[in-house]
Amino acid sequence: MDLTFTPAEQTFRDEIRSWLRANTPTEPLKSMDTPDGFEQHREWEKKLFAAGWSVPAWPEKYGGRDCSLVEWLLYEEEYWASDAPGRVSANGVSLLAPTIFEFATDEQQERFLLPMASGEEIWSQGWSEPNAGSDLAALSTRAVRDGEWFVLNGQKTWCSRGAFADWFFCLVRTDPEAERHRGLSYLLIPKDTEGLTVRPVARIDGEPGFAELFFEDARVHESNLLGEEGQGWAVAMATTGSERGLNLRAPGRFMAAADKLVELGKSLSDPALVNSAEDATETEVAAGTTDAVARDEIARCWAESRAYRWVCYEAAERLAGGEALGSEASFMKIFWSELDVAINATALNMLGERAEFTAAAEDADRGGAWMDAYLFALSGPIYAGTNEIQRNIVAERVLGLPRR
Amino acid sequence: MKFAFTEEQQVFAETLSDVFAKRCPPEAVRACWDSPVGYSEDLWGTLAEMGVLAITAPEDAGGLGGDERDLVQLMEAAGRAAAPLPLLEHVAVGIPALAEAKGAAAEGAEGAAASQHWLSQAISGEALVTAGVRDKGTVRDKGTARDKNADSSTQIQYVNYAAQADVAILSYQGELYLADRKDYTTYEQPSVDGTRRIARVEWSPDAATRLAGVSASLTFDRGATAAAAYCVGLAQHMLDATVEYVKEREQFGKPVGSYQAVKHHLADVAKAISFARPSVYAAAWAVSQSAVLQRAGSENITPENAVSDRAQYVSAAKSLASDAADLAAAKCLQCHGAIGYTFEHDLQLWLKRAWTTSVSWGSASQHRHRLATLLGI
């Protein structure tokens, strides 16, 4: 056991660190869930791609650097520590791409991977339906064969980034007679498909971060079928492995958030904030305070962010050694999503009466970023399989408890 | 970046797991409740013969020259068995401190010469070493005077195996002292865990017995890391035993383990263990590196940074591991129901070890307090 980085790993880290230092936008971009903000984030993706930093873990021919998992974890640490913009391409790059690498034909890989890496084509996930959330296999959007085409009818919902995305990766029912997990297929669908209507839906923050998709006799060509017809469930589960495990949310994101929380804790316990004994109470309340409970919570969040780091480095080593991650990915999803909520809730608690300020408020700490991050974090325990579903998976597949 | 243990370390850990499985079943743990020393001297003798007591001693002192990375899985295995043995006090804390004091013998202090004598006795198992060490930010180490009227130089401390040991390493105001059994008085304090042998130790720090060149903070971190590993092992056993129980136990015509409320309790325990374990291993690594830096002087890292990094790793690990053990104890008792609340059922042996180990060498919140201080808050 040696937890120091090799010289090669350190060189890799230095390289991404200096690139980010030189290129990260100094002004924060607009929300990626607004029309302007979405395009700003797409431009950032193009810049990353041009420098070879949009998908470092991918093969070189698709714009990557073939880096190791450990290097990818380091890349993520540097990325989030630098305050670089959020990744508008994350759904494609982190969720769909691993599935494409595993199940797609050569033609499909050639067609889809490069534009995904470059930000030219941004992807959104179309899985959930009004009556199929946690019970995903209950989905009912129909796709009926018509020669080389599938004809789709039905509705998808809660599609993140869907309002402005270029493509959707969808799970549809091709065989209603088969057992419910076996009658599904995985289709890649362009937004300009005739018969597809995309309706933006405002998320809790009021921005159109979601979309609903309505299919009315929409025709999708069979060349856009990912994996075998009727094998959609197996293909989709490969995606959820990425979604719940290492790929979607690397520890660097939460390490950076915990570090910012430590900084907030330091700044709010700074005696210089208090001008005199008389106005101490007033000043403290206005500026927020780091009390003993907050201190305990900060330390817990910091320790957990590092715990997630070590879990991932340990897992990366096993993956590199040829082992599969499997159901333990469900542990990770529960852990990081609840940690993310805790980090931001702790910050808001300390900020006191400034907690509610949005980015429009002059006196908001970090431009209202804590409340924004809190609202975003609240989705974590829900998406990608609710944490209740994840706990069932852990209990049944890791611990071996009876299903019923 | 390499997380895996060496094959030798793996084999060693598995061998020790087998020894504990055979020689330390629940009946044996229970028997220690009534033993005067609180542990099986027979099993301790076997471990001494196997060289286990020599792991952390330097080769030039007749030891195996191992460090915390060699020890951490042994402590975890001991925790799984709830093995009541002075491994933490003697092997994880005592021997490395004696070895470091011996290394500083050139300074000629009495403590250094005595530690040389005790080191060889400790390695062979002829003598038992115990330790009571405090560090700033966990339990305040201001020293506690016995009472206002007594001789103000008399300090009190609560130390496991103090009455049974031949020699104790005690801390006072950030310094370590080597106290012969005859130099301190013990008053046994019965513990909720009948295998613990906690005593109030009354002693007077004597400058001549100070262990020069041994860091109290590093020594404390060795104890905290070993306790953290033991907590992970305790939690893992309680989880495994409870999973088996809820698969068998039926209510309303099916196993209670099929109910979501029970599943989610146990999933939370499994998650807490999975996230504590790598942090404990990382802490063991950090302690081993910090010790190397301390011996060799520093090259790339300033000693202050090395100490701070190590202590951060250790406090993060112990807080996570203590929380995992406490959560496992609470949830596993709940999932057992009334049978787990009986003295007859073996679960109580692990519960009590968990309650006592999670708070010794710094509780979860004490370590978070220390961590917050180290982070500059």
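Chains are numbered independently. Their residues run from 1 in the order of the written sequence. Following the order in which they are written, the chains are lettered starting with A and the ligands numbered starting with 1. Under the rules for a predicted model, residues below a pLDDT of 70 receive no local features and side-chain atom pairs below 80 are neither given nor counted, while totals for whole chains, interfaces and linings still include all residues. Side-chain measures were taken over the full set of non-hydrogen atoms in the model, leaving aside hydrogen atoms and water.

## Description of the domain arrangement of chain B
Residues and elements named next belong to chain B. Domain start and stop positions are those given by an automatic or database domain assignment. Entries for chain B in the domain assignment read domain 1 (7–70 + 83–124), domain 2 (129–209) and domain 3 (216–374). The contact criterion used throughout is that any non-hydrogen atoms of two residues lie within 4.5 Å. Across the boundary between the two partners, domain 2 contributes 16 residues, which contact 15 residues of domain 3. A quick way to say it: buried area is the sum, across both parts, of accessible area lost when two parts are put together, with a 1.4 Å probe. Interface area, domain 2 with domain 3, both sides summed: about 1300 Å², of which 62% is carbon and sulfur. Any Lys or Arg side-chain nitrogen located within 4 Å of an Asp or Glu carboxyl oxygen qualifies as a salt bridge. Our count for the contact surface shared by domain 2 and domain 3 stands at one salt bridge. What qualifies as a polar contact is a pair of N or O atoms within 3.5 Å, subject to a donor-acceptor requirement within protein and to the restriction that residues adjacent in sequence count only when both atoms come from side chains. Counting across the interface, domain 2 meets domain 3 through two residue pairs in polar contact (both at pLDDT 80 or more). Note on residue classes: Ala, Val, Leu, Ile, Met, Phe, Trp, Tyr, Cys and Pro are nonpolar, Asp, Glu, Lys and Arg are charged, and everything else, Gly too, is polar. Among the residues forming the side of domain 2 that touches domain 3, the class breakdown is five nonpolar, five polar and six charged.

## Some remarks on the domain arrangement of chain A
All names here are of chain A. Taken as a whole, chain A is organised into domain 1 (7–88), domain 2 (123–230) and domain 3 (245–398). Relative to domain 3, the C-alpha centre of domain 1 lies at a distance of 22 Å. Across the contact, 10 residues belong to domain 1 and 14 residues belong to domain 3. Taken over both partners, the interface formed by domain 1 and domain 3 buries close to 1000 Å², and the fraction arising from carbon and sulfur atoms is 70%. In terms of surface lost to domain 3, no three residues of domain 1 exceed Leu73, Glu77 and Trp80, which account for 51% of the buried area on that side. At the boundary of domain 1 with domain 3, the tally comes to two salt bridges. Linking Arg309 and Glu77 is a salt bridge whose minimum nitrogen-to-oxygen distance equals 2.8 Å. The interface formed by domain 1 and domain 3 contains three residue pairs in polar contact (both at pLDDT 80 or more).

## A few points about empty space enclosed by the protein
A pocket, in this scheme, is an open set of points on a 1 Å grid over the protein atoms alone with protein on both sides within 12 Å along at least 5 of 7 lines, while a cavity is a set where a 1.4 Å probe fits but cannot get out; residues line either one if an atom lies within 4 Å of a point. Grid points are joined across faces, edges and corners, and a volume is the space filled by probe spheres set on the points. Tallying each qualifying case throughout the model produces three cavities of 30 Å³ or more. Helix and strand definitions follow DSSP, with helices as H or I runs of at least four residues and strands as E runs of at least two, each counted in order from the N terminus. Taken together, the elements giving at least two residues each to the lining of the largest cavity come down to helix 4 (68–80) and helix 7 (216–248) of chain B. Considering only enclosed or pocket space, the second largest cavity measures out at about 40 Å³ in volume. Lining the second largest cavity, in full, are Leu351, Arg354, Ala355, Phe357, Ala364, Asp365, Gly368, Trp370 and Met371 of chain A. Each residue belonging to the lining of the second largest cavity can be placed in one class, and the counts come to six nonpolar, one polar and two charged.

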